[in-house]
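# Close look at the chain arrangement
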Amino acid sequence: MHVTKVSDRTKEQTIFHHTGNRFQTEDREIHIVARLEEPLVAVLGNVLSDQECDELIQLSKDNMHRSKIGDSRQVNDIRTSSGMFFEEEHDILTTIEKRVASIMNIPVEHAEGLQVLRYTPGQEYKAHYDYFSAASKASKNNRISTLVMYLNDVEEGGETFFPELDFSVTPKKGMAVYFEYFYDDQTLNERTLHGGAPVITGEKWIATQWMRRQRVR
Ligand SMILES: O=C(O)CCC(=O)C(=O)O
Ligand SMILES: [Fe+2]
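The structure displayed is predicted, hence computed values, not measured ones.

Take the pattern of salt bridges next. Within the structure shown, the criterion is met by 12 salt bridges. Here Lys 11 makes a salt bridge to Glu 37, at a shortest N to O gap of 2.9 Å. You can see Lys 11 sitting in the segment before strand 1 (22–24) and its partner Glu 37 sitting in the loop between strand 2 (29–36) and strand 3 (41–45), a full 26 residues away along the chain. Take Glu 37: its relative accessible area is 33%, and that puts it in the partly exposed class. The residue Arg 99 makes a salt bridge to Glu 52 at a minimum N-O spacing of 2.7 Å. Pair noted here: Arg 99 is in helix 2 (residues 91–104) and Glu 52 is in helix 1 (residues 50–67), with a separation of 47 residues, a long-range link. Accessibility classification places Arg 99 together with Glu 52 in one group, the buried group. Residues joined in a network through salt bridges with shared partners are Lys 11, Arg 35 and Glu 37.

Take a look at the structure:
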């Protein structure tokens, strides 16, 4: 009988390089609340202040209103929330993007515009991968990592779930979940399948940052 010991496997290099229970960015101390090693998933605390969360929600409310994509437009079956990408420059965005780049250990030039999503009761984001399939044009400069930041507490439901990992994260204002999928071993990437469970009571607001392998700006 052949038995593969765990110690025979070599862990792949990760992008996220922070260790211990906390680390410092230029302007804020981030807490590592929990982590799974492979694929790397980290639950982070103290990522955004309450005021930053409130401001992001307010800014996107204004923008959703302006671009008229807010409301209850049903995008498709996979994602029923409504959302927007920031395109204009705002002081708060520059601050947050710098902090996020430092958390994710990727230069800010690799960052897509921050996306804010709002879910109302019943709305969800079904299980999906954040990276693009090898067949798609976008995969030439594919996504490599994700940071989902929670902008409010959700009364009930709205967990970020990872079905392949039997793992879920409860939204908590100012906290975030980080994961990456830049592994040589494709089965590790596939285990980052995730979604946003339906909101049952209350609203759920998140800001998502995706990083690309090469610069986009
Ligand atoms: O809503 C969530 O918790 C997950 C969001 C997500 O998967 C994404 O923005 O790519
Ligand atoms: Fe996602």
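Strand order in the open sheet formed by four strands is 6-12-9-10, with antiparallel pairing between adjacent strands. Strands with a single pairing partner mark the edges of an open sheet, and in this sheet they are strand 6 (125–128) and strand 10 (167–169). Put simply, the sheet's adjacent strands are angled 15° from each other on average, direction ignored. In the sheet, strand 9 (residues 160–162) pairs with strand 12 (residues 194–196) via two bridges, with the strands oriented antiparallel. Looking at the pairing, Thr 160 lines up with Gly 196 of strand 12.

Right, let's get into the site of ligand 1. Around ligand 1, the surrounding shell consists of Tyr 119, Tyr 125, His 128, Asp 130, Thr 160, His 194, Gly 196, Lys 204, Ile 206, Thr 208 and Trp 210. Measuring from an oxygen atom of ligand 1, one finds a side-chain N or O atom of Lys 204 at 2.8 Å. Thr 208 places a side-chain nitrogen or oxygen 2.9 Å from an oxygen atom of ligand 1. If ligand 1 stood free it would expose 300 Å²; the protein chains cover 100% of that surface. When residues of the shell around ligand 1 are traced back to their parent elements, those giving at least two are strand 6, strand 12 and strand 14 (204–212). Per element, the largest residue contribution to the shell around ligand 1 is four residues, and it comes from strand 14. Looking at side-chain class alone, the shell around ligand 1 contains four nonpolar, five polar and two charged residues.

Next up on the list: the nonpolar core. Counting 39 residues, the largest nonpolar core has Phe 16, Leu 44, Leu 56, Met 149, Leu 151 and Tyr 178 as the members making the most contacts within it. At the level of secondary structure, the elements contributing two or more residues to this core comprise strand 2, strand 3, helix 1, helix 2, strand 7 (143–150), strand 11 (176–180) and strand 14. Among residues more than four places away in sequence, those in contact with Phe 16 are Phe 23, Ile 32, Arg 35, Leu 40, Ala 42, Leu 44, Ile 103, Tyr 178 and Glu 180. Val 41, Val 43, Leu 117 and Val 148 belong to the second largest nonpolar core, which has 18 residues in total.

Before going further, it helps to examine the sheet that holds strand 14. Overall, antiparallel pairing links the eight strands, which are arranged 1-2-3-11-7-14-5-4 in an open sheet. Both outer strands of the open sheet, strand 1 and strand 4 (82–85), are each paired with one neighbouring strand and no more. This sheet shows a mean twist of 25° between the axes of neighbouring strands, independent of strand direction.

Bringing the pairing of strand 11 into the picture now. Along a regular strand, successive side chains alternate from one face of the sheet to the other. Among the five residues that make up strand 11, five are buried, leaving the element largely enclosed by the rest of the structure. By the alternation rule, side chains of strand 11 split into Ala 176, Tyr 178 and Glu 180 and Val 177 and Phe 179, which are all buried. Of the strand pairs in this sheet, strand 3 and strand 11 are connected by four bridges, and their pairing is antiparallel. For Ala 42, the partnering residue across the bridge sits in strand 11 and is Tyr 178. Pairing geometry for strand 7 and strand 11, over five bridges, is antiparallel. By the bridge assignment, Thr 146 is partnered in strand 11 with Phe 179.

Reading guide: rules and limits
- Starting from 1, residues in each chain are numbered consecutively following that chain's sequence as written.
- Here chains are named by letter from A upward and ligands by number from 1 upward, in the order in which they appear as written.
- Where totals are concerned, whole chains, interfaces and linings use all residues; where local detail is concerned, this predicted model gives features only for residues with pLDDT of at least 70, and gives and counts side-chain atom pairs only at 80 or more.
- Excluding hydrogens and water, the side-chain figures rest on all heavy atoms present in the structure.
- The salt bridge criterion pairs a side-chain nitrogen of Lys or Arg with a carboxyl oxygen of Asp or Glu, the two atoms within 4 Å.
- Each helix is a run of DSSP H or I of at least 4 residues and each strand a run of E of at least 2, with the numbering of both proceeding from the N terminus.
- Throughout, exposure labels follow a simple rule: accessible area from a 1.4 Å probe, protein chains only, divided by the maximum for the residue type, with under 20% read as buried, over 50% as exposed, and the rest as partly exposed.
- Two strands pair if DSSP finds at least two bridges between them.
- Whenever a helix is involved, its axis is fitted only over the stretch in contact; in every case the axis is a line through C-alpha atoms, and angles between N-to-C directions fall within 0 to 180 degrees.
- It suffices for a single heavy atom of a residue to lie within 4 Å of a molecule or strand for the residue to be listed as near it.
- Two N or O atoms form a polar contact when they lie within 3.5 Å of each other; inside protein one atom must be a possible hydrogen donor and the other a possible acceptor, and for residues adjacent in sequence the pair counts only when both atoms belong to side chains.
- To be clear on the numbers: accessible area is Shrake-Rupley with a 1.4 Å probe, and residue cover counts the displayed protein chains and nothing else.
- The nonpolar class holds Ala, Val, Leu, Ile, Met, Phe, Trp, Tyr, Cys and Pro. Asp, Glu, Lys and Arg form the charged class, and all remaining residues, Gly among them, are polar.
- For our purposes a nonpolar core is just a set of buried Ala, Val, Leu, Ile, Met, Phe, Trp, Tyr and Cys residues, chained together by side-chain atoms within 4.5 Å.
- We call two residues in contact when some of their heavy atoms are within 4.5 Å.

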